[in-house]
Amino acid sequence: MKRFAFYLKYAWRSVRRGGQLSIFAIACVAVGVGTLVGLQSLTSSIRDTMLGDIQERAGGDIVAQVNYDSYYQSVLSPQAQQLLDNMKAENRIQDWTGFNKHSVQITGYFNVPPTVYIVDPAHFPLYGQVQVVEPAGANLGKLLSEPDTIVISKSMWKSKGYHLGDEVQVNSLIDFTQVGDRSANLKVVGVVDPVLPGINFDPGLFIGFGITSQQAARGFLNDDEVTPTTFFIKSGAKADNPAIINTLKNFNEEKAKYYPFFSDIKTASETLGESSKNLQPVEDVLLYIGLVAMLVGGIGCINTMLVVVGQRTTEIATIKALGLKSRQTLYIFTIQVLILGAIGSAAGMVIGVGLGYVMKGIVEGLFSRPLHWGLYPGPLITGFLVGTLVSAMFGLLPAYAATRVRPGEVLRQQAGGMPRIGNLPTLLTIVLLTLGLGLLAGVLLGKITLGLELAFATLLSSAALAALMYLVVFLTGKFPFSLGPSFKLAVRSFNRHRTRTTATLLVITVSLFFISLISIISSSIETTLKETFDYNLGFNAGAVNIYSSKDEDLKATFEREVPGIQKIFVSNDVGAYIQGVNGQRLNQKTSIADPLCAPYLYQDYNKDFHLKTSIQVSGRSLAGTESVSPNGPQKVLAGRTFQPADMNKQVMLVTQEEARCYGIKVGDSVTLRLRSNNLRTTSRTSGPLEMQVIGIVSKGTAGTNFEQGFVVPFQLVNEAGADFSIFFMQIEPSQIQAALSQTQGSLYSNFVFDLTDLIRSFTDLLNHILMLPLLLSLLSLFSGSVLIANNVALAVLERRKEVGVLKALGADRRRVLSMLLWESGLLGLLGGVIGVGGSLAVVLLIARLVKQSNQYVGLNVTWSPLSAGLMVALGIGLATAATTLSAWRAIQEKPLVVLRYE
């Protein structure tokens, strides 16, 4: 016990004597533990939110889904509801309620169509309650008990500036069997949070929704569309749930044996068990990220303890000469690093709580719903134990180095050099360290094998990257040019401790790589969206018209009456069979030598390739007298594009890819048979059509797929019976709201959209998605800065005599500091250039792979040289700031004091 007290006292004294070194080591551990605790707290928050009250989250004790079929919904649903009423009367269940949802159009709402949830306000929800924001504390059932009312989500309320009492016109997506307009004016009576019992991960929760009663929904939907598609059943704590489920299954057998009415019947625990399984991969990924962050803390501990050992070799040799054994030296330094790890872990717990709260806000913004929050003991305990254990494991190498100090050699030469550890012990230590981290990760993940696989995979990938960084450090040390004495000394010092410099450069490079990668991806996607739907590419608004044969009349009406329209054209498409080119059948064997033709080929049973005969044909109208593609501006590569005289002819444009793969050229005759809608087809489109190819065109710059590769005049496809058409409009931005409102009224309930709103919504969603990895990358960059400060402090301590000699020869503090700043600035410059350049290369590779996998999808890679320069400047700035912070005090010492000490 006395020996342990001596070890502990000596180790604690060493921590205190370490001063700045100890602080840097603690900071490295704190950042790693903070990241781990924050991510684990976030996963606990998400799990509590999703799986807190299982009945409330599931919507009932039993949830029964209904097969979608209008006949069974209209005929069997009343019988199923009567069955549930009978079970309630027999006290087998306590209550039940039906639920349905539909995408609708709201007049004046020109974004992704919102969802309307249709409920029975007298019974919904069976468990929990819907939080009403406005009017605060109101009851959902009472609000919806009034006739023709709707409660909307907070996101819709904010985006459109609605007020309580406003009337909104809700329209169903029109059905071709309906006659006339199906719409209803509903009064907005409340605003709710996007957290609804029984509704999880539904698109409506993200894009906006309303809640209305079944009675109000009949004003804009058919009766069978209001019929419940989900039944929530409240059975009670003592109910026989298996028997209830069997009763529902028996109903399937009796009433709808071959097409069951209930498609899926599950208890609340079974329903949320699936949600729990879906959350597990997310939790595993976040845990792995947290463990990787701990590696930075471990590297900080190694750096600190290695220099501590090197600095105190004389002291270690002295106490070993006085009788201290090697294993006792191992104990002392292991305890010291344990103390550093424990203090850093304690600080990391505090950081992690704050970090988790910040990440919670990011996730809430992404999913538009609040998360539960609290101090979770599990992540705190895990963070403390993992931080302390990882620090101890990483401290094995420096502790072993301390045992290698030989008193006779050190005392004879009175020098404080680092003892040689040897390659084999170092390799064994790394393998044991990886094995220990793998077991630790396996315990936390609940899968030992997976933990070991991840640990050794991380080791191999880190070793590959470290080898590359080592090569960069080595080549930098051979830099042939000199920018002055300070730069020359800096390059020499840069190459002196390659292993330590490599580790720091790796952290800086990876951090700046991810920050730059996120920035470039965000910018590229946003630019791609804007260029895809940009005003200058042909349109900034659109409208979908379903099952209408009067598109040309509507187009003419819009051109005359809708304010601000500068350009309008219509596109539709229909399935077709391409039977031949110039009288030759296409179903012959062909080669797949051209990889761009792969989407147009299929394999038969003999694995021979054939050209596909089933295609999609698009119809295009003119914008005035101009032929415009909704896929963006096209180049005419051969022949010509459509002219007004072509609109009643059997002519066709073919895009470059299709022309190459099908062997089509200008002047060819292509035989098509349209897969017509028999309700609307004409005699002209009922048989084979001989289409003359008048032009070969490029795909279009926007990268969209609104128009297929075979394009014919709009009227031809319209006669064949296209299921829908799309109006593309270029509208003066100042008049777009009025124009779209009038367009929406003319198209009844069909989808009308403002592309500016859509781009803004997608951009906001993208930014929220990327905020979390960006935050983690910034934390990693901060850790890299701490490592740089640590390395500089260690370098100054190791080169104490060198600094003293330079100052004795006349070098002032500025000259000494400039040497160190050159060294760390070079480190930041290399990390920035490699990180930013690597991220750009990766995004370009991703864009190329996307292009190869889908010819209609593209990523326009955009990056700003200014942003790239700022990223590099960030790396240099953090490196030089860390250097100034850690080296300023050391260079203040007088050379006489330094040389006397040495």
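Note that the structure is a prediction, hence the values are computed from the model and not measured.

### With respect to the overall build of the protein
Okay, step 1: A count of helices and strands for the protein gives 29 helices and 26 strands.
Okay, step 2: When contacts within the protein are restricted to residue pairs at least 6 apart in sequence, long-range pairs at least 24 apart make up 81% of them.
Okay, step 3: Carbon and sulfur atoms provide 59% of the accessible area of the protein, an area that totals close to 41,000 Å².

### Quick word on the side chain of Ser 45
Okay, step 1: With respect to the secondary-structure elements, Ser 45 resides in helix α2 (residues 20-51).
Okay, step 2: Overall, the relative accessible area of 0% leaves Ser 45 in the buried class.
Okay, step 3: When sequence neighbours within four positions are dropped, the list of residues in contact with Ser 45 reads Leu 371, His 372, Trp 373 and Tyr 376.

### Some words on the nonpolar core
Okay, step 1: Core analysis: the largest hydrophobic core is formed by 30 residues, its most contacted members being Met 652, Tyr 662 and Phe 710.
Okay, step 2: Contributing elements (two or more residues each) for this core: β12 (565-581), β17 (614-620), β21 (651-655), α22 (656-662), β22 (669-674), β23 (689-697), β24 (710-713) and α23 (714-720).
Okay, step 3: The residues contacting Tyr 662, other than those within four sequence positions of it, are Ile 578, Leu 586, Tyr 600, Leu 611, Lys 612, Ile 615 and Phe 710.
Okay, step 4: Formed by 23 residues, the second largest nonpolar core is a distinct cluster that contains Phe 99, Tyr 127, Leu 205 and Ala 268.

### A word on the pattern of salt bridges
Oppositely charged side chains can form a pair if their charged atoms are brought close together.
Okay, step 1: The tally for this structure, following the rule as stated, stands at eight salt bridges.
Okay, step 2: Across the pair Glu 707 and Arg 620 runs a salt bridge whose closest N-O atoms are separated by 2.8 Å. Here Glu 707, found in the loop between β23 and β24, pairs with Arg 620, found in strand β17; they are 87 residues apart in sequence, far enough to count as distant.

### Observations regarding unusual backbone geometry
Okay, step 1: At the junction of Phe 124 and Pro 125, the peptide bond is cis and its omega measures out at -5° in the coordinates.
Okay, step 2: With respect to the secondary-structure elements, Pro 125 resides in the loop between β3 (115-119) and β4 (132-134).
Okay, step 3: Residue Glu 134 is joined to Pro 135 through a cis peptide bond whose omega torsion reads -10°.
Okay, step 4: On the secondary structure map, Pro 135 appears in the loop between β4 and α5 (140-145).
Okay, step 5: One non-glycine residue, Asn 91, adopts positive backbone phi at about 60°.

### Some remarks on the confidence of the model for the protein
Okay, step 1: When pLDDT is averaged along the protein, the result is 77; 73% of the residues meet or exceed 70.
Okay, step 2: Mean pLDDT in the protein bottoms out at helix α29 (residues 895-901), which sits at 51, and peaks at β21, which reaches 93.
Okay, step 3: Per-residue pLDDT stays below 50 along residues 175-180; that stretch engages in six contacts with residues further than four places along the chain or on separate chains.

### Examining the environment of Phe 4
Okay, step 1: Checked against the element boundaries, Phe 4 lands in helix α1 (residues 2-18).
Okay, step 2: In the structure, Phe 4 is positioned 324 residues away from Gln 328 in sequence and 9.7 Å away in space, judged by C-alpha atoms.

### Looking at the packing of aromatic side chains
Each pair of aromatic rings is reported with the distance of its centres and the angle of its planes.
Okay, step 1: Scanning the model with the defined rule gives 15 aromatic pairs in all.
Okay, step 2: On the numbers, 5.4 Å between centres and 50° between planes, the contact of Tyr 117 with Phe 209 is tilted. Taken together, the positions of Tyr 117 in strand β3 and Phe 209 in strand β8 (residues 209-213) put the pair 92 residues apart, joining distant regions of the chain. This pair shows no difference in class: Tyr 117 is buried, exactly as Phe 209 is.

### Remarks on the pairing of β21
Okay, step 1: In terms of burial, β21 is largely enclosed, as five of its five residues are buried.
Okay, step 2: Burial along β21 is two-sided: the residues Val 651, Leu 653 and Thr 655 and Met 652 and Val 654 are all buried.
Okay, step 3: Of the pairings in the sheet, the one linking β21 to β23 comprises five bridges and is parallel in character. If you follow Val 651 over to β23, its bridge partner there is Gln 692.
Okay, step 4: Sheet topology places β21 next to β24; two bridges connect them, and they run antiparallel. Following the sheet pairing, Leu 653 is matched in β24 by Val 711.

Calculation rules
- Residues numbered from 1 in each chain as written.
- Predicted model: local features only at pLDDT ≥ 70, side-chain atom pairs only at ≥ 80, totals over all residues.
- Heavy atoms only, no water.
- Helix = DSSP H or I, 4+ residues; strand = E, 2+ residues; numbered from the N terminus.
- Contact = heavy atoms within 4.5 Å.
- Areas by Shrake-Rupley, 256 points an atom, 1.4 Å probe, with all protein chains shown as cover.
- Buried < 20%, exposed > 50% of the residue type's maximum accessible area, 1.4 Å probe, protein only.
- Core = buried A, V, L, I, M, F, W, Y, C linked by side-chain atoms within 4.5 Å.
- Salt bridge = Lys/Arg side-chain N within 4 Å of Asp/Glu carboxyl O.
- pLDDT = per-residue confidence, 0-100.
- Phe/Tyr/Trp six-rings, centres within 6.5 Å; stacked < 30°, edge-to-face > 60°.
- Pairing = 2+ DSSP bridges.

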